Amino acid sequence: FLRVNAKSVPSVAEGQILPMYFCCILRCSDRSFYVGVTDDLSQRVQEHNSGKGADWTAARRPVKLAWSEQHPTLSSARKRENQFSHAPIGRWALS
């Protein structure tokens, strides 16, 4: 799900530019969910809806962004993605 485009947001420290990542959940047309990580939410949803995302979402279009969470590092976004991927949907904590 990761497509890194080096989208960045200004950092408070010394004018540095730091990449921002997102863990997100897409809701597919068959009411299933897809969990992933990206640095550009709107572009990635468009890619999934055009069939250029994962095979799972390509067969279940259209998809909608159901939830997202901002992360300062790719590693932290991936950790959150893994939490969702390994937990039953009823135990997901979306805050």
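The sections below set out a description of the structure shown in this document. (Residues numbered from 1 in each chain as written. Predicted model: local features only at pLDDT ≥ 70, side-chain atom pairs only at ≥ 80, totals over all residues. Heavy atoms only, no water.)

Turning to the sheet that holds strand β5 (residues 64–71), a few remarks are in order. Across the sheet, which stays open at both edges, the three strands sit in the order β4-β3-β5 with antiparallel pairing between neighbours. On the outer flanks of this sheet lie β4 (33–38) and β5, each paired with one strand and no other. On average, adjacent strands in this sheet sit at an angle of 20° to one another, irrespective of strand direction. Across the sheet, helix α1 (residues 41–49) is in contact with β3 (21–27), β4 and β5; its angle to β3 comes to roughly 35°. (Pairing = 2+ DSSP bridges. Helix = DSSP H or I, 4+ residues; strand = E, 2+ residues; numbered from the N terminus. Axes fitted to C-alpha atoms, helices over the stretch in contact; angles between N-to-C directions. Contact = heavy atoms within 4.5 Å.)

So, on to the nonpolar core. Membership of the largest hydrophobic core is limited to six residues, which are L26, C28, Y34, V45, A54 and V63. Those residues in contact with V45, other than ones at most four positions away along the chain, are L26, V63 and L65. Listed in part, the five residues of the second largest apolar core include C23, I25, V35 and F84. (Core = buried A, V, L, I, M, F, W, Y, C linked by side-chain atoms within 4.5 Å. Buried < 20%, exposed > 50% of the residue type's maximum accessible area, 1.4 Å probe, protein only.)

Before going further, it helps to spend a moment on α1. When we look at burial in α1, the residues that qualify are L41, R44, V45, E47 and H48. For α1, the angular spread of buried residues about the axis comes to 160°, placing them on one side. Turned more than 90 degrees away from the buried face of α1 sit S42 and Q46, all of them exposed. Summarising the contacts, the buried residues of α1 are in contact with β3, β4, α2 (55–58) and β5. Just beyond α1, the residue with positive phi is G51, at close to 90°. (Arc of directions from axis to C-beta.)

So, on to the environment of S29. With respect to the element layout, S29 can be found in the loop between β3 and β4. Separated by 33 residues in sequence, S29 and P62 place their C-alpha atoms 5.6 Å apart. Setting aside residues up to four positions removed in sequence, S29 forms contacts with R60, R61 and P62.

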